[in-house]
Amino acid sequence: MISSFLAQLAAVYHEWRTVIQVFAAVLGSLLAGGLLRFVLDRLARRLHPVRHAWGHGLLAGASLPGQMLVWILGIALAGQILLRDADGDFAKDSLLSHGLAPIRDVGVILAVMWLLLRAINRIQDNLLLRAREHGRELDPTAADAIGKLTKASVVITAILMMMQALGFSIAGLLAFGGMGGIAVGFAAQSLVANLLGGLTIFASRPFKVGEYIIIPGTDLMGGVEHIGWRATRLIGFDRKPFYVPNAMFNTQPVINHTRMTSRRIMEDIHIRYADIGVVPAIVADGQEMLRRHPGVQHDFFAFNFSSCGTFSLKLSLYAFTVSTDYNDYMNVQEDVLLKIADIIRHHGAQLAGPVSTVEMPQLGAPAHGPGGPEMGRQLPPMPPPLPPATP
């Protein structure tokens, strides 16, 4: 009974051998891929992204591509089973047999490339998170540049490997690419210039994401939001983003407003010519006030009588604030100016502005100044008032 049943099973298997093997290969690859993804996800969740930045990033990035890689290998195995002849040998002369291996190799390369790209992104995020939790400053611009260069290397290597798997000559392709690169360089000079500008930013790091920059000679100023290969995205005071081609940074100077060490107070204060006698006391008290002010840097400041203007005496104030915060700077500048105004009032002086003085001659005074043709001549007396009109 059992022997006959086994014989029937053997007959059925021999008749449906190809279908059964293909079904087993596909089902096994599906189950193996799902199991691999489950294991990798569980292992990634057990690893802390800060303490195990590299291991967690690699496992978290490998779950989906690893599942896809198993499926590709299972489908390739099923294809090989279908291409076998009746004797069980692989049909090498078939057109599909010649294309199956390159397609499988390309699929494997794509899956590995996807795995590496995902792992690079996860590892980059983990390293930034680790630096933030440990209180260290990891430059996001440099991290982004290293990540982009690494991903570009992975993509270029994968493309070359896929072309070699498809039967292309890498040596001939590189030689053709050298000649074609020259032609493309002439046709796309602006694009190449922008790419080189992006590389310059990543290498020299004149600014990074989160900093505020100003390009002198233009109206371009704003906070850096993203540094791309072609353009850099800035956001202005009006919260509108705009994009600056990276080639501009190779030819234009850039002021990094965020990296200033202090802010400058530079003002001219005018007082009346009549207060020339108290100018030394005002200057001395103003310098003493700056020397004691907590918001002003004490290593260098200046408050002096600088010049005699056309309408007033000019006192020049030049100092630097301790804080670079704009609100703190405005508060310190306001306090310094108000205290100088108090010092001027304390000494009986007054602030001056552009004024005009008109001198009127008094009645009974000489009509002409000394040396005039009628020197000493007095003005005639005023005539008496007329009598009121009779009705």
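Structure's up top.
Now for a quick tour of the structure.

What counts, and where the lines are drawn
Residues numbered from 1 in each chain as written. Predicted model: local features only at pLDDT ≥ 70, side-chain atom pairs only at ≥ 80, totals over all residues. Heavy atoms only, no water. Pairing = 2+ DSSP bridges. Helix = DSSP H or I, 4+ residues; strand = E, 2+ residues; numbered from the N terminus. Patch = residues over 30% accessible without salt bridge, like charges linked within 9 Å, V, L, I, M, F, W, Y side chains within 5 Å. Areas by Shrake-Rupley, 256 points an atom, 1.4 Å probe, with all protein chains shown as cover. Salt bridge = Lys/Arg side-chain N within 4 Å of Asp/Glu carboxyl O. Buried < 20%, exposed > 50% of the residue type's maximum accessible area, 1.4 Å probe, protein only. Polar contact = N/O pair within 3.5 Å; in protein donor to acceptor, adjacent residues only side chain to side chain. Contact = heavy atoms within 4.5 Å. Expected span 1.5 Å × (residues − 1). Arc of directions from axis to C-beta. Axes fitted to C-alpha atoms, helices over the stretch in contact; angles between N-to-C directions. Parallel < 35°, antiparallel > 145°, perpendicular 65-115°, else oblique. Left-handed = near helix turned anticlockwise from the far one by under 90°. Nonpolar A, V, L, I, M, F, W, Y, C, P; charged D, E, K, R; others polar. Core = buried A, V, L, I, M, F, W, Y, C linked by side-chain atoms within 4.5 Å.

The two faces of a sheet get side chains in turn, since along a regular strand they alternate between them. Bridge count between strand 7 (residues 302–308) and strand 8 (residues 313–320): 6 bridges; the pairing is antiparallel. In the sheet register, Cys308 faces strand 8, and the bridge partner there is Leu313. Counted along the chain from strand 7 to the antiparallel partner strand 8, the turn is 4 residues long.

Attention now moves to the sheet that holds strand 5 (residues 255–256). The strands making up a sheet are joined through hydrogen bonds of the backbone, oriented either antiparallel or parallel. Spatially, the 5 strands line up as an open sheet ordered 4-3-2-1-5, and their pairing is antiparallel. Looking at strand neighbours, the two that pair on one side only are strand 4 (241–245) and strand 5, the edges of this open sheet. As paired elements, strand 1 (residues 212–214) and strand 2 (residues 221–227) share 3 bridges and run antiparallel to each other. If you follow Tyr212 over to strand 2, its bridge partner there is Gly223.

Here we come to a nonpolar patch on the surface. Side chains of Leu35, Phe38, Val39 and Leu43 sit close together on the surface and give an oily, nonpolar patch of about 360 Å² of accessible area. Topologically, Phe38 is positioned in helix 2 (residues 17–46).

Our next topic: the side chain of His293. Along the chain, His293 falls in the loop between helix 9 (279–292) and strand 7. A relative accessible area of 6% means that His293 is categorised as buried. A distance of 2.6 Å separates polar atoms of two side chains, one belonging to His293 and the other to Asp335. Excluding its chain neighbours within four sequence positions, the residues that come into contact with His293 are His298, Val332, Asp335, Val336 and Lys339.

Here the focus is helix 9. Over its 14 residues, helix 9 extends 20 Å from the first C-alpha to the last, a length consistent with the 20 Å expected when each residue adds 1.5 Å. Those residues of helix 9 lying buried are Val279, Ile282, Val283, Gly286, Met289 and Leu290. The buried residues of helix 9 occupy an angular sector of 125 degrees when the element is viewed end-on, so they sit on one face. Facing away from the buried side of helix 9 by over 90 degrees, the exposed positions are Pro280 and Arg292. Structurally, helix 9 contributes buried residues whose contacts are with strand 6 (264–271), strand 7, strand 8 and helix 10 (326–346).

Our focus in this paragraph is the packing of helix 9 against helix 10. Close contact between helix 9 and helix 10 brings their axes to 10 Å; oriented N to C, the two are set at 150 degrees. Put simply, helix 9 runs roughly antiparallel to helix 10. The hand of the helix 9/helix 10 crossing is right-handed. For the pair helix 9 and helix 10, the contacting residues are Ile282, Asp285, Gly286, Met289 and Leu290 in the first and Val336, Lys339, Ile340, Ile343 and Ile344 in the second. Residue composition of the contact of helix 9 with helix 10, grouped by class: 7 nonpolar, 1 polar and 2 charged.

Okay, the nonpolar core next. Within soluble globular proteins, side chains that are nonpolar generally end up buried alongside one another. Counting residues in hydrophobic clusters, the biggest one holds 22 residues, and the most contacted among them are Ile282, Leu290, Phe303, Leu315, Val336 and Ile340. Taken together, the elements giving at least two residues each to this core come down to strand 6, helix 9, strand 8 and helix 10. Among the elements that make up this core, the one with the highest residue count is helix 10 (6 residues). The contacts of Ile340, once residues within four sequence positions are left out, are Ile269, Met289, Phe303 and Leu317. Residues Ala145, Phe202, Ile227 and Leu234 belong to the second largest nonpolar core, which totals 11 residues.

Time to look at the sheet that holds strand 7. Reading across from one edge, 6-8-7 is the order of the 3 strands in this open sheet, with antiparallel pairing throughout. The sheet is open, and its two edges are formed by strand 6 and strand 7, each paired on a single side. Between one strand axis and the next, the sheet turns by 20 degrees as a mean value, whatever way the strands run. Sheet contacts for helix 9: strand 6, strand 7 and strand 8; angle to strand 7, the most-contacted strand, approximately 150 degrees. Contacts from helix 10 reach strand 6, strand 7 and strand 8 within the one sheet, and its direction differs from that of strand 6 by about 25 degrees.

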